[in-house]
Amino acid sequence: MAGMTSKIKPIPESIDATLKLLSGANYLADRSLSTVLFLALKMGRPIFLEGEAGVGKTEIAKVLSETLGRRLIRLQCYEGLDVGSAVYEWNYAAQMIAIRAAEAEGEADRERIQSDVFSERFLIKRPLLQSLEPDPAGAPVLLIDELDRSDEAFEAFSAGGAGRLPGHHPGARHGEGRAFADRGHHLEPHPRNPRRAEAPLPLSLGRIPTATRELEIVHAKVPGVGKKLSEQVVGFVQALRKQDLFKSPGVAETLDWATALTELDAVALDPATVSDTLGVLLKYQDDIAKLEGGKVKELLDQVQAELRAAE
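Computed from a predicted structure; not experimentally measured.

Enquirer: Please clarify how the pattern of salt bridges should be interpreted in this entry.
Expert: Close approach of charged atoms allows side chains of opposite charge to pair. This structure, assessed with the given rule, holds 10 salt bridges. Between K221 and E59 there is a salt bridge, with its nearest N and O atoms 3.6 Å apart. Classification of K221 as partly exposed rests on a relative accessible area of 30%. With a relative accessible area of 30%, E59 lands in the partly exposed category. Across the pair R213 and E216 runs a salt bridge, and its minimum N-O distance is 3.1 Å. Separated by three residues within a single helix, R213 and E216 lie in helix α9 (residues 211–221), roughly one turn from each other. We classify R213 as partly exposed; its relative accessible area is 27%.

See below:
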């Protein structure tokens, strides 16, 4: 209705409140991560996350977007990405059509034509510009994904100056931007001050969580999984990470595997079930081939022996 504005959800007022915010969305964070997130929210600073695939970097941005009721904007980095492509581009095809139409109608005022074709209606807003636009729900969460894939110039811009986009960019209205960057994310959960550079708060997310923490994550994310199966799944994945693999499974793969096994109505692991579902857990055929033969049974026997000893 006219005159009504959306209520902006408040940011957490303490580290404990931040922990509760994350756990409420089934993201089990340790206190160090919650501390960095809390400080970033309070100080209006970006976060620079490092860690391998599957450790939960992207999920943090999604959780903050969901729990704070903010729009999630994602910029996927790649080799050759430049600042212009990440901020805005002109719709050249539409501009040419407009110019031809103006000429056909006898329009002779070149300055007027130029002013029209370089107006906002011909502007294609890319993620960085979108993140700077006012939003009644509050500043969006900007996720700059896989920053390490971009060129050094763009990485430097994102890490130190993405919140200070030059004011002459069409449509740029400062004061609402925010960000999260992944070195392999740039999460910024609070409105930025465009007049000062903001160095990201660094945070390294460990590649391999403890078995206890990973089991907690499995129970939170895959509530239908049984106790015995979840313990075996986590134990097997932990053992698998000690093998010489091209790409060891991350937490994301553990969750995918647990979900798949639950869908198959599995209540416990056996060599045949593991072999049949390794494609969910491992992404490369060479890694799967290394476990053929008796290796799966060997690892599974090891896991089951350790679980029995721990009872």
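Enquirer: Would you mind going over the pairing of strand β5 (residues 141–145) with me for this structure?
Expert: With five of five residues buried, β5 lies mostly within the body of the structure. Neither face of β5 is open: one carries V141, L143 and D145, the other L142 and I144, and all of them are buried. Where strand β2 (residues 72–76) meets β5, five bridges bridge the pair, whose relative direction is parallel. In the strand pairing of β5, I73 is matched with L142.

Enquirer: What is the right way to look at the packing of aromatic side chains in this model?
Expert: The way to describe two aromatic rings as a pair is by their centre distance and the angle between their planes. Considering all chains together, one arrives at four aromatic pairs under this definition. Considering the side-chain rings of Y88 and W90, the 5.9 Å spacing of their centres and the 80° angle between planes classify their relative orientation as edge-to-face. Judged by its relative accessible area of 13%, W90 falls in the buried class. Seen in terms of ring centroids, F246 and Y284 are 4.7 Å apart; in terms of plane orientation they differ by 75°. Their pairing is edge-to-face. With F246 in the loop between α10 (227–240) and α11 (251–263) and Y284 in the loop between α12 (271–281) and α13 (285–290), this pair connects stretches of sequence that are 38 residues apart. The exposure class assigned to F246 is exposed, which follows from its relative accessible area of 62%.

Enquirer: Would you take a moment to explain the packing of α10 against α11 for this structure?
Expert: The contact between α10 and α11 brings their axes to 10 Å, and the two run at 140°. In this structure, α10 crosses over α11, and the sense of that crossing is right-handed. Contacts between α10 and α11 involve L229, V233, F236 and V237 on the former and, on the latter, T254, W257, A258 and L261. Here the residues of the contact of α10 with α11 are counted per class, giving seven nonpolar, one polar and no charged.

Enquirer: Before we go on, may I ask you to explain the nonpolar core in this structure?
Expert: The biggest cluster of nonpolar side chains holds 29 residues, and the ones touching the most others in it are F236, L240, W257, L269, V274 and L278. Listed by contribution, the elements that provide at least two residues to this core are α9, α10, α11, α12 and α14 (295–310). Among the elements that take part in this core, α10 stands out by supplying seven residues, more than any other. Here W257 is in contact with V233, F236, V237, L269, V274, T277, V280 and L281, once residues within four sequence places are set aside.

Enquirer: Is there a simple way to think about helix α3 (residues 57–68) in this case?
Expert: Along an α-helix, residues three or four positions apart point the same way, because every turn accommodates 3.6 residues. The terminal C-alpha atoms of α3, which comprises 12 residues, lie 17 Å apart, in line with the 16 Å expected from a rise of 1.5 Å per residue. Burial of α3 is extensive: nine of the 12 residues sit out of reach of the surface. Burial in α3 covers these residues: K57, T58, I60, A61, V63, L64, S65, T67 and L68. Directly after α3, the chain includes G69, whose backbone phi takes a positive value near 65°.

Enquirer: What is the right way to look at unusual backbone geometry in this model?
Expert: Excluding glycine, residues mostly have negative phi values, and the peptide bonds linking residues are mostly trans. We note that N26 has phi near 60°; this positive angle belongs to a residue other than glycine. Structurally, N26 is set in the loop between α1 (15–24) and α2 (31–43).

Enquirer: Help me out: how do you make sense of a negative patch on the surface in this one?
Expert: Together, E79, D82, D151 and E152 give the surface a local cluster of negative charge. For E152, the position within the fold is in helix α8 (residues 152–161). What makes E152 exposed here is its relative accessible area of 71%.

Enquirer: What's the story with the packing of α11 against α12 in this structure? I'm lost.
Expert: Describing two packed helices takes the angle between their axes plus the distance from one axis to the other. Direction vectors running N to C along α11 and α12 enclose 135°, while the axes themselves pass 9 Å from each other. Between α11 and α12, the angle is such that the two are oblique. The element α11 and its partner α12 pack so that their crossing is right-handed. Contacts between α11 and α12 involve E253, T254, D256, W257, A260 and L261 from the first element and T273, V274, T277, V280 and L281 from the second. Of the residues contributing to the contact of α11 with α12, the split by class is six nonpolar, three polar and two charged.

Criteria and cut-off values
Residues numbered from 1 in each chain as written. Predicted model: local features only at pLDDT ≥ 70, side-chain atom pairs only at ≥ 80, totals over all residues. Heavy atoms only, no water. Salt bridge = Lys/Arg side-chain N within 4 Å of Asp/Glu carboxyl O. Buried < 20%, exposed > 50% of the residue type's maximum accessible area, 1.4 Å probe, protein only. Helix = DSSP H or I, 4+ residues; strand = E, 2+ residues; numbered from the N terminus. Pairing = 2+ DSSP bridges. Phe/Tyr/Trp six-rings, centres within 6.5 Å; stacked < 30°, edge-to-face > 60°. Axes fitted to C-alpha atoms, helices over the stretch in contact; angles between N-to-C directions. Left-handed = near helix turned anticlockwise from the far one by under 90°. Contact = heavy atoms within 4.5 Å. Nonpolar A, V, L, I, M, F, W, Y, C, P; charged D, E, K, R; others polar. Core = buried A, V, L, I, M, F, W, Y, C linked by side-chain atoms within 4.5 Å. Expected span 1.5 Å × (residues − 1). Patch = residues over 30% accessible without salt bridge, like charges linked within 9 Å, V, L, I, M, F, W, Y side chains within 5 Å. Areas by Shrake-Rupley, 256 points an atom, 1.4 Å probe, with all protein chains shown as cover. Lys, Arg positive; Asp, Glu negative; His and termini not counted. Charge placed at Lys NZ, Arg CZ, Asp CG, Glu CD. Parallel < 35°, antiparallel > 145°, perpendicular 65-115°, else oblique.

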